[in-house]
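# Results of the structural survey
This is what each chain is made of:
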Amino acid sequence: MVEKVRTVTDVCCPFCGTLCDDLEIDIDLKTDQVVEVRNGCQIGTKKFYASNPSEHRFEKPLIKKNGELTEVSWEEAIDKAADILVKAQRPLLYGFSSTECEAQSRGVELAELLNAILDNTASVCHGPSLLAIQDVGASLATLGEIKNRADTVIFWGSNPVHAHPRHLSRYSDFIRGYFRTDGRNDRYIIVVDPRYTHTAQIADKYIKVKPNEDYELIQSIRAVLRGTDLDVKEVAGVPIEDIKELVERLKSANFGVLFFGMGLTQSLAHHRNIETAIRLVTELNDYNKFILIPMRGHYNVAGANQVFAWNTGYAYSIDFSRGYPRYNPGEFSSVQLLMRDEVDASLVVASDPGSNFPAGAVKNLFKHPLIAIEPHKTPTSAFADVVLPAAIAGIECEGTAYRMDKVPLRLRKVKEAPGESLSDKEILERIIEKVKGKLGE
Ligand code: SF4
């Protein structure tokens, strides 16, 4: 029988921070297109199919001429991109969470060369978690340990059924582990959320917290844990009897884990929510083993934080304008800089701020020269002056990515990129060479 497909096994899924590493991808031998994805969830699978050539993919470099994106050579496009960056007074390099670590490190090099602002998507998601961990440390563990040991699992302000679909079946809920041989029956799942999410619907206990009152609820749990008799009927919409019952449940756990998402990092107290959650977890360690893990969204946002931190000392929102890295989230975060219109050119790598930044920030982003390193048509690339077509990391080129628990995994190449696309790393290296030439270095 003549083989029509080749199969690539043990493939990491480059979509969410769960970074599942057991996918099997069938590639048509004739067309080099993805024809089958096994083991992936719906959103991960879709990313592999979306890598096939289509009207939505860029295959050649483009420059805006007379208001229209026009195909040009790589040489012309790189020259134009370098020109924009060198002429800018305060350029912003943003994104990096959906690409691999080697490309991220080239981003750091370019930012330093340009005295630019360097930021990744953590500044609009788990930045508060990083701030809190810097303040008070954190008890962490790998997802493997959770799979094997955890008997009490809290999802606070996160909805993995939708955002990390295989998290539950691989690590935190249904999976059988070494000490949790009966899988789901061996675990008690608690969901804390203002909404009755699909994750809440499969939990053993749902706690409905009032929006923006997470801080009050965590503090009251800490108080009850210390033996304080709270003289109130409820806190943050949760009856005091429920809080007492929850505390008893947490104290009697064998190995507990608190997974938290943007419902906690982006509600009113931001990093103070995380700081007090970390302190709660620390205090629970007087009774048992308890840890916490941020539910990272983009598959390699944890890697962006690692790479930026080991190169500059800081994980996101970094300003090189004085020739050395400075760090001040808020002052040097992309959204705030754009809202204040302090950026006069931007390079966006593997990200789409045009579809998720506030309108005022997007307006100012599009007002100034914009370069997009991007495989697909997006709202950001539609307004770009230069579009540099990228191979999709983890599908069309190799690299390293960090899972949400900071375990690095190797991404595989399963097929060729369409057209003239290059990897993010190679594109950034070409820009660096050109910028060096223009700066006379
Ligand atoms: S859970 Fe996340 S990493 Fe796993 S297959 Fe789905 S999208 Fe990919």
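Residues numbered from 1 in each chain as written. Predicted model: local features only at pLDDT ≥ 70, side-chain atom pairs only at ≥ 80, totals over all residues. Heavy atoms only, no water.

### Side note on the overall build of the protein
Operational definition: Put simply, DSSP H or I for four residues or longer makes a helix, DSSP E for two residues or longer makes a strand, and each gets a number counted from the N terminus. Between the two quantities, the radius of gyration covers C-alpha atoms and the globule rule is 2.2 Å times the number of residues to the power 0.38. Accessibility here uses a 1.4 Å probe with only protein chains present; expressed as a share of the type maximum, an area under 20% marks a residue as buried, one over 50% as exposed, and anything in between as partly exposed. Only four residue types enter the charge count, namely Lys and Arg as positive and Asp and Glu as negative; His and the chain termini do not. Just so you know, the charge point we use is NZ for Lys, CZ for Arg, CG for Asp and CD for Glu.
Counting its regular elements, the protein contains 18 helices and 21 strands. For the protein, whose C-alpha radius of gyration is 23 Å, the value lies close to the compact-globule estimate of 22 Å for 441 residues. With the C-alpha coordinates aligned to their principal axes, the bounding extent of the protein is approximately 70 × 65 × 35 Å. Residues classed as buried in the protein amount to 55% of the 441 residues present. Taking the 53 positively charged and 61 negatively charged side chains of the protein as two groups, their mean positions are separated by 1 Å.

### Regarding the site of the ligand
What counts, and what does not: Any residue with at least one heavy atom within 4 Å of a molecule or strand is counted as near it. Only protein atoms enter the calculation, which uses a 1 Å grid: trapped sets of points that fit a 1.4 Å probe without letting it out are cavities, open sets showing protein on both sides within 12 Å along at least five of seven lines are pockets, and any residue with an atom within 4 Å of a point is a lining residue. Think of it this way: if more than half of a molecule's atoms are within 2 Å of a pocket's grid points, that molecule is in the pocket or cavity. Ten residues, namely Ala, Val, Leu, Ile, Met, Phe, Trp, Tyr, Cys and Pro, are considered nonpolar, four, namely Asp, Glu, Lys and Arg, are considered charged, and the remaining ones, Gly among them, are considered polar.
Close to the ligand lie Cys 13, Phe 15, Cys 16, Leu 19, Cys 20, Gly 40, Cys 41, Ile 43, Gly 44, Pro 165 and Arg 166. Taken atom by atom, the bulk of the ligand overlaps the largest cavity. Considering only residue class, the shell around the ligand consists of eight nonpolar, two polar and one charged.

### Description of the pairing of strand β7 (residues 117–120)
The test is simple: For two strands to be treated as a pair, DSSP must find no fewer than two bridges joining them. A crossover counts as right-handed when, viewed with the strands pointing away from the observer, the path leading from the first strand over the helix to the second turns clockwise.
Of the two faces of β7, both are covered, the one formed by Ile 117 and Asp 119 as well as the one formed by Leu 118 and Asn 120. Where strand β6 (residues 91–95) meets β7, four bridges bridge the pair, whose relative direction is parallel. Its bridge partner lying in β7, Leu 93 is registered against Leu 118. Of the crossover connections in this fold, the one passing from β6 over helix α3 (residues 101–114) to the parallel β7 is right-handed. Relative to strand β15 (residues 318–319), β7 runs antiparallel, the two sharing two bridges. If you follow Ile 117 over to β15, its bridge partner there is Asp 319.

### Overview of the packing of α3 against helix α18 (residues 424–439)
As a reminder of what qualifies: Every axis in this analysis is a line fitted to C-alpha atoms, fitted for helices over the stretch in contact. Angles between the N-to-C directions lie between 0 and 180 degrees. The labels follow the angle: roughly parallel below 35 degrees, roughly antiparallel above 145, roughly perpendicular from 65 to 115, and oblique for the rest. Put simply, a crossing is left-handed when the front helix is turned counterclockwise from the back one by less than a right angle, and right-handed when it is turned clockwise. We call two residues in contact whenever any of their non-hydrogen atoms come within 4.5 Å of each other.
Taken N-terminus to C-terminus, the directions of α3 and α18 make an angle of 15 degrees; their axes are 9 Å apart at the nearest point. Between α3 and α18, the interaxial angle falls into the category roughly parallel. The handedness of the crossing between α3 and α18 is left-handed. Two secondary-structure elements touch here, α3 through Glu 102, Ala 103, Arg 106, Gly 107, Glu 109, Leu 110, Leu 113 and Leu 114 and α18 through Asp 424, Lys 425, Leu 428, Glu 429, Ile 431, Ile 432, Val 435, Lys 436 and Leu 439.

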